[in-house]
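# Structural overview
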Amino acid sequence: MEEQTLFSVDEPELIPLPGQLAFFPETKPVPPIRHKARQYPDLKPVRLQDPHLVRILICIVLYRLDSPIPESWLYDILVSAGHINFFLYTDALGFLLENQSVVQQEQENETIYTLTDKGIACAVDMRQYVPKVLRDRVVLTALRFAARQKAMQEMSVTYEQVEDGYMLCVGCNDRQREMFTLRILTPNCNAAEELAERIMRNPAAFFGKLLDAALNNEEESFDLSDN
């Protein structure tokens, strides 16, 4: 019986194929178009230029801060912060005083501005005429400024130079009575000022957390299982 071969171990026969096996394009591909990056102009803070809107904005600030407030506060909030230039501020405030929307008083050698009923109506009924982005920015500046001034009345911050750095001394006062003083050693004056600035952002919360930690402080637990 002849043995049948199931698999052939011979080399496969090469069959020539007509035609060109490689493809060469006749034209070069068009390179992709790269668009230049768009350059946008720097956005500068928008400042109010309309005297009518400035008058409304002054009434809004006095209303939100629950006037009366010192003239130095109002100037720092609007002019020193860069929201309104000095000439518009002076013109608008003079108009409000003549219009009896704001009244001026002298108290402890300082000028105090108080909003009248006419000024309150201006702040409430006409506030929509001022763009909200400007209104929010100025009111936020006013609230932060007032909170900082209040904190400065209840706190004392001093710096002492020592051999290995600066000592930040933060005192908390209540009705002109010293409650407690915190002394923190910092490596340099810049670090002391930065730490003081962070504490002044919300001093009530800072000292509240210190008192809460002291009142809820528990004794360290010890493991006696292997005693």
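In this report, the structure presented in the accompanying data block is examined.

How each quantity is defined
Residues numbered from 1 in each chain as written. Predicted model: local features only at pLDDT ≥ 70, side-chain atom pairs only at ≥ 80, totals over all residues. Heavy atoms only, no water. Pairing = 2+ DSSP bridges. Helix = DSSP H or I, 4+ residues; strand = E, 2+ residues; numbered from the N terminus. Contact = heavy atoms within 4.5 Å. Axes fitted to C-alpha atoms, helices over the stretch in contact; angles between N-to-C directions. Salt bridge = Lys/Arg side-chain N within 4 Å of Asp/Glu carboxyl O. Buried < 20%, exposed > 50% of the residue type's maximum accessible area, 1.4 Å probe, protein only. Polar contact = N/O pair within 3.5 Å; in protein donor to acceptor, adjacent residues only side chain to side chain. Core = buried A, V, L, I, M, F, W, Y, C linked by side-chain atoms within 4.5 Å. Expected span 1.5 Å × (residues − 1).

On to the sheet that holds strand 1 (residues 69-70), then. Strands sit in the order 1-3-2 across an open sheet of three strands; the sheet is antiparallel. If you trace the sheet from one side to the other, it starts and ends with strand 1 and strand 2 (102-106), each paired once. Looking at chain direction, strand 2 and strand 3 (residues 111-115) are connected through five bridges and run antiparallel. Residue pairing across strands places Glu-106 opposite Thr-111, the latter belonging to strand 3. Set on the sheet, helix 3 (residues 86-98) makes contact with strand 2 and strand 3; between it and strand 2 the angle comes to about 95 degrees.

Per the stated rule, a full pass over the model turns up five salt bridges. Between Arg-183 and Glu-160 there is a salt bridge; the shortest N-O distance is 3.3 Å. With Arg-183 in strand 6 (residues 177-186) and Glu-160 in strand 4 (residues 155-162), the pair connects residues that are 23 residues apart, well separated along the chain. The class for Arg-183 is partly exposed, based on a relative accessible area of 48%. In this structure, the salt-bridge partner of Arg-198 is Glu-194, at a minimum N-O distance of 3.9 Å. Here Arg-198 pairs with Glu-194, and both are found in helix 6 (residues 189-201), just four residues apart, close to one helical turn.

Summarising the element assignment, Asn-85 is placed in the loop between helix 2 (71-80) and helix 3. The partly exposed category is assigned to Asn-85, whose relative accessible area is 22%. Sequence-wise, Asn-85 and Gln-49 are 36 residues apart; in three dimensions their C-alpha atoms are separated by 8.6 Å. A polar contact of 2.8 Å, which involves the side chain of Asn-85, links it to the backbone nitrogen of Leu-88.

Now for the nonpolar core. If you look at the biggest cluster of nonpolar residues, it comprises 35 residues, and the most contacted ones within it are Ile-58, Val-61, Leu-62, Leu-74, Leu-78 and Tyr-89. Contributions of two or more residues to this core are made by helix 1 (51-64), helix 2, helix 3, strand 3, helix 4 (117-125) and helix 5 (132-154). Tallying contributions element by element places helix 1 first for this core, with nine residues. In this structure, Leu-62 is in contact with Ser-67, Ile-69, Leu-74, Val-102, Tyr-113 and Leu-115, ignoring residues within four places of it in sequence.

With that settled, consider helix 5. Helix length check: helix 5 (23 residues) gives 33 Å between terminal C-alpha atoms against 33 Å at 1.5 Å per residue, within 8%. Of the positions making up helix 5, those classed as buried are Leu-134, Arg-135, Val-138, Val-139, Ala-142, Phe-145, Ala-146 and Ala-151. Packing partners of the buried residues in helix 5 comprise helix 1, helix 2, strand 4, helix 6 and helix 7 (203-215).

Let us now look at unusual backbone geometry. In the Ramachandran plot, Gln-100 falls in the positive-phi region, its phi being about 60 degrees despite a non-glycine side chain. Along the chain, Gln-100 turns up in the loop between helix 3 and strand 2. Positioned with a positive phi, Asn-109 is a non-glycine residue whose angle comes to about 60 degrees. Along the chain, the position of Asn-109 falls in the loop between strand 2 and strand 3.

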